[in-house]
Amino acid sequence: MLFVLAILLSLAASRAPAQSTRPFLTGVDANYSLDMEKRGKTWSTGGKPGDLFAILKSAGVDTMRIRLWTGDDGANGLTYATEVARRSQAAGIKPYVVIFLSENWADMVKQPAPAIWKDLTPAAKLTAIEAYTERVAKHFADAKIDVDLFEIGNEIDFGLCGEFEEEWSHRVSIEYMRQTIWPKVLPMILAAEAGVKKARPNAKFILHLAQWNNPDYCIAFHQFMLAGGAQLDYAGLSYFPTAAAKPEERTLDFLKAQIDKITAAVHKPVILCESGYPTAANFPGQFAEWNKPVEGYTLDEPGQQKWIKDYFAAARNNPNIAGVFCWSPEWYDSEMWSAFSLFDGKGNARLGLGELKK
């Protein structure tokens, strides 16, 4: 009887959502910082200028999401990303690295392969990916930068590294993606993880999707990758509630319901890799439509402050959430993102920055 009870308890434990062994991650993605410094931009708290990384650390940030594009030089290349990671670590903020497997922006609406891999055979591309990720992980270790958490791709809902579905009707068909696209994505994830683990055997991995409001899709994707042997320690999600067309999908209660559904099915904790709330209703650029207010939160600085306070509190109180990251809180000198920044147009800290601490 005791033997049977032990088996039943073991099965129950294996089906329970896995909780992170890490402390809750309070993070930012502040990769524009070094370029902004070169342009003479500064950041201040209480009217006093200071080092951005020290300001973020004092505000409660403990983890930095580092954007890495292929190639050593140029925007977000290995040299630049290494310096962001070095500055973060020196300030007491632990870096984690997002390996885009692209030489430029890759996200929900595009996943271009680097030019040097574009014409390779599938087998040759896998070899190149594994060699590249091993080199990346070894590079950070050799530089004495402690990175043990890696995100493979960025918002890889519809593809990765050149294997990408363009037709929306196909994208939203889980069966089509399961039959046509995900079988091409899985080997690249396996190769990328294998390369990292050659240099960092104890590495942890995030797979990051943008569709926080489509849990069935997220579940199907992660279950496919897990069944194929991918290591998935955290299910990553982007979360920008003011982008949602339906008012009911903008609430924190709705977010909790989606995350609880995902973790119950996938048995992995969620990290919210990107998030933000604007301080204005009108701003130009590609994010101009991300201006739909969440009920109870105004589109101004006090509204942003209140939302950040409630968002982080809700996340920390949910055992299925392992961390939250604000996307580009430092980037105040771009019209298309300045409303989401946690610093105003002169680099002065907004009220929301003070709500990141526990």
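Residues numbered from 1 in each chain as written. Predicted model: local features only at pLDDT ≥ 70, side-chain atom pairs only at ≥ 80, totals over all residues. Heavy atoms only, no water.

### Quick word on unusual backbone geometry
Positioned with a positive phi, Leu 101 is a non-glycine residue whose angle comes to about 55°. Along the chain, Leu 101 turns up in the loop between β5 (94-99) and α5 (115-118). By relative accessible area, which is 0% here, Leu 101 ends up buried. (Helix = DSSP H or I, 4+ residues; strand = E, 2+ residues; numbered from the N terminus. Buried < 20%, exposed > 50% of the residue type's maximum accessible area, 1.4 Å probe, protein only.)

### Topic: the packing of aromatic side chains
Applying the stated criterion across every chain yields a total of 33 aromatic pairs. Ring geometry for Phe 283 against Phe 340: centres 5.5 Å apart, planes inclined by 75°, an arrangement best described as edge-to-face. Of this pair, Phe 283 sits in the loop between β11 (270-275) and α12 (301-316) while Phe 340 sits in the segment after β12 (321-327); the two residues are 57 residues apart in sequence, bridging distant segments of the chain. We note that Phe 283, like Phe 340, is buried. Chaining the aromatic ring pairs together yields one cluster made of Tyr 32, Trp 69, Phe 100, Trp 105, Phe 240, Phe 283, Phe 287, Trp 290, Trp 327, Trp 331, Trp 337 and Phe 340. Looking at Arg 67, its charged tip hangs above the ring of Tyr 32, at a distance of 5.0 Å from the centre. Across from the ring centre of Tyr 297, 4.2 Å away, lies the NZ or CZ of Lys 306, which sits over that ring. (Phe/Tyr/Trp six-rings, centres within 6.5 Å; stacked < 30°, edge-to-face > 60°. Lys NZ or Arg CZ within 6 Å of the ring centre and 35° of its normal.)

### A word on the layout of surface pockets
Of the volumes computed, that of the largest pocket is approximately 980 Å³. Together, 37 residues line the largest pocket, and Met 108, Glu 155, Phe 240, Phe 287 and Trp 290 are the ones closest to its centre. Elements supplying a minimum of two residues to the lining of the largest pocket: β4 (63-68) and β10 (234-239). Of the residues assigned to the lining of the largest pocket, the class counts are 22 nonpolar, six polar and nine charged. (1 Å grid on protein atoms, 1.4 Å probe; cavity = no way out; pocket = protein on both sides within 12 Å on 5 of 7 lines; lining within 4 Å. Points joined across faces, edges and corners; volume = space filled by probe spheres on them. Nonpolar A, V, L, I, M, F, W, Y, C, P; charged D, E, K, R; others polar.)

### Some details on helix α6 (residues 122-142)
The terminal C-alpha atoms of α6 lie 30 Å apart, and with 21 residues this matches the ideal 30 Å at 1.5 Å per residue to within 8%. When we look at burial in α6, the residues that qualify are Lys 125, Ala 128, Ile 129, Tyr 132, Thr 133, Val 136, Ala 137 and Phe 140. Projection of α6 onto a plane perpendicular to its axis shows the buried side chains occupying an angular sector of 160°, all on one side. In α6, the exposed residues that point more than 90 degrees away from the buried face are Ala 123 and Thr 127. (Expected span 1.5 Å × (residues − 1). Arc of directions from axis to C-beta.)

### Observations regarding the environment of Pro 23
Residue position: Pro 23 is located in the loop between α1 (2-15) and β1 (25-29). Note on Pro 23: relative accessible area 58%, which makes it exposed. For the pair formed by Pro 23 and Gln 111, sequence separation is 88 residues and the distance between their alpha carbons is 32 Å.

### Side note on the sheet that holds strand β6 (residues 149-152)
Within the closed barrel, the eight strands sit side by side as β1-β4-β5-β6-β9-β10-β11-β12. Their pairing is parallel. Along the sheet, successive strands turn relative to each other by an average axial angle of 25°, direction set aside. Packing against the sheet, helix α4 (residues 78-90) makes contact with β4 and β5, and its axis sits at approximately 175° to β4. (Pairing = 2+ DSSP bridges. Axes fitted to C-alpha atoms, helices over the stretch in contact; angles between N-to-C directions. Contact = heavy atoms within 4.5 Å.)

### Points about the nonpolar core
Judged by nonpolar contacts, the single largest core of 103 residues is most densely connected at Leu 101, Met 225 and Leu 272. If you tally residues by element for this core, the top one is helix α9 (residues 182-199), at eight residues. When neighbours within four sequence positions are excluded, Met 225 is seen to be in contact with Trp 182, Val 185, Leu 186, Ile 189, Leu 207 and Ala 230. The next biggest cluster of nonpolar side chains, apart from the first, holds 13 residues, and it includes Val 98, Ile 271, Ala 322 and Phe 325. (Core = buried A, V, L, I, M, F, W, Y, C linked by side-chain atoms within 4.5 Å.)

### Some details on helix α10 (residues 215-227)
Here α10 is 13 residues long and its end C-alpha atoms lie 18 Å apart, about the 18 Å a rise of 1.5 Å per residue gives. Within the sequence span of α10, burial applies to Pro 215, Tyr 217, Cys 218, Ile 219, Ala 220, Phe 221, His 222, Phe 224 and Met 225. Packing partners of the buried residues in α10 comprise α7 (168-171), α8 (174-180), α9, β9 (204-209), β10 and α11 (252-266). Backbone geometry just downstream of α10 places Gly 229 in the positive-phi region, at approximately 100°.

### So, the side chain of Glu 330
Within the element layout of this structure, Glu 330 appears in the segment after β12. The charged side chain of Glu 330 is buried without a salt bridge, its nearest counter-charge being Arg 67 at 6.2 Å. A distance of 3.4 Å separates the side chain of Glu 330 from the backbone nitrogen of Asn 31, its partner in a polar contact. Ignoring anything within four residues of it in the chain, the contact list for Glu 330 reads Asp 29, Ala 30, Asn 31, Tyr 32, Ser 33, Met 36, Trp 43, Leu 52, Ser 341 and Phe 343. (Lys, Arg positive; Asp, Glu negative; His and termini not counted. Salt bridge = Lys/Arg side-chain N within 4 Å of Asp/Glu carboxyl O. Polar contact = N/O pair within 3.5 Å; in protein donor to acceptor, adjacent residues only side chain to side chain.)

### Observations concerning empty space enclosed by the protein
Taken as a whole, this structure holds one cavity of 30 Å³ or more when the rule is applied. Considered as a void within the structure, the largest cavity measures approximately 60 Å³ in volume. Lining the largest cavity, in full, are Ser 275, Gly 276, Tyr 277, Gln 304, Trp 307, Ile 308, Cys 326, Trp 327, Pro 329, Trp 337, Phe 340 and Leu 342. For the lining of the largest cavity, the element with the most residues is α12, which contributes three residues. Of the residues contributing to the lining of the largest cavity, the split by class is nine nonpolar, three polar and no charged.

By themselves these figures say nothing about function.
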